[in-house]
Amino acid sequence: MLLNLANLPNVHLYSLQKEVQVSDLEQLQAHPEVQDLREHLTSFVATASLIEPLDLVISVDTAVAHLAGAMGKQTWLLLPSIPDWRWLLDRDDTLVSIHAFVPPICFWRLGQRPKAC
C-alpha cells in the first residue's frame, strides 16, 4: 500500500529498517523506487542524520519511530489493533514520556482512522 506513494510527484521512499527478513528483502529488492539505507544504519547518530532531511517518517513501533519522534519529526506510527501496552487503546496519547515534549505522533491503528494528524 505504501508503495503507491512512490507514484506521487516529489515523493521518495526510504527504508530505515536495519534488520530485514528474507521475505521482506525480496520485496524490497523488487521495488527499486525504495532506497534501502540499511548499510548506513550503524548507530543512532547515523540514523538520526538520515531522518533529519525527511519530511515524514512512517514506521511501525521501532527505534526509528521513537528516534524520529524525539527529533520532533512528523511521524506516523502504524499500530496493530491491539498494540504494545505503552500505546494504550482507543486513545491518541501514549505512556511514552517523551510524547509530551515533541509534536504529537500520529497513530494509525489497524482498522481505524487517526483522530488527528
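Residues numbered from 1 in each chain as written. Predicted model: local features only at pLDDT ≥ 70, side-chain atom pairs only at ≥ 80, totals over all residues. Heavy atoms only, no water.

1. Quick notes on helix α3 (residues 63-70)
Definition in use: Between buried and exposed lies partly exposed: a residue is buried under 20% and exposed over 50% of the maximum accessible area for its type, with that area taken using a 1.4 Å probe on protein chains only. A run of H or I in DSSP counts as a helix once it spans at least four residues, and a run of E counts as a strand once it spans at least two, with each numbered from the N terminus. It only takes one pair of heavy atoms within 4.5 Å for two residues to be counted as in contact.
All of the buried residues along α3 are V64, A65, L67, A68 and G69. Of the surrounding secondary structure, the elements contacted by the buried residues of α3 are α2 (44-51), β3 (57-59) and β4 (75-79). Following α3 by one or two positions, G72 has its phi on the positive side, about 80°.

2. So, the environment of K73
Spelled out, the test is: In protein, a polar contact means a hydrogen-donor-capable atom and an acceptor-capable atom, both N or O and within 3.5 Å, with residues adjacent in sequence counting only if both atoms are side-chain atoms; elsewhere, any N or O pair within 3.5 Å suffices.
Tracing the chain through its elements places K73 in the loop between α3 and β4. On the basis of relative accessibility, which here comes to 16%, the residue K73 falls in the buried class. Put simply, K73 and P53 are 20 residues apart on the chain and 9.4 Å apart in space, counted from C-alpha to C-alpha. For K73, the contacting residues outside a window of four places in its chain are I51, E52, P53, L54 and A68. A polar side-chain atom of K73 sits 2.7 Å from the main-chain carbonyl oxygen of E52.

3. Side note on the packing of α2 against α3
Short version of the rule: Only the stretch in contact is used when a helix axis is fitted, and all axes are lines through C-alpha atoms; the angle between N-to-C directions ranges over 0 to 180 degrees. Oblique is the label for any angle not under 35 degrees, not over 145, and not in the 65 to 115 range, which are roughly parallel, roughly antiparallel and roughly perpendicular in turn. Crossing handedness follows the turn of the near helix against the far one: under a right angle anticlockwise gives a left-handed crossing, and clockwise gives a right-handed one. The nonpolar class holds Ala, Val, Leu, Ile, Met, Phe, Trp, Tyr, Cys and Pro. Asp, Glu, Lys and Arg form the charged class, and all remaining residues, Gly among them, are polar.
Where α2 meets α3, the axes come as close as 10 Å, and the angle between the chain directions of the two elements is 65°. With respect to their mutual orientation, α2 and α3 come out roughly perpendicular. For the element pair α2 and α3, the recorded crossing hand is right-handed. Contact with α2, carried on its side by F44, T47, A48 and I51, involves A63, V64, L67 and A68 of α3 and no other residues of that element. Taken together, the residues of the contact of α2 with α3 break down into 7 nonpolar, 1 polar and no charged.

4. Some words on unusual backbone geometry
With phi around 65°, N10 is a residue other than glycine that occupies positive phi space. Along the chain, N10 falls in the segment before β1 (13-15). The class of N10 is exposed, set by a relative accessible area of 74%.

5. Section: the nonpolar core
Rule in force here: Definition used in this section: a nonpolar core is a set of buried Ala, Val, Leu, Ile, Met, Phe, Trp, Tyr and Cys residues joined via side-chain atoms within 4.5 Å.
With 10 residues, the main nonpolar core is built from L16, L37, L41, A48, I51, L54, V57, V64, L67 and A68. Going through the elements one at a time, α2 and α3 are the ones with two or more residues in this core. Here this core gets 3 residues from one element, more than from any other, and that element is α3. Excluding anything up to four places from it in sequence, V57 contacts I51, V64, A68, Q74, T75 and W76.

6. Focus: α2
Along α2, the residues classified as buried are A46, T47, A48 and I51. Residues of α2 that are buried make contact with β3 and α3. The N-capping residue of α2, defined by a side-chain oxygen 3.4 Å from the backbone nitrogen of V45, is S43.

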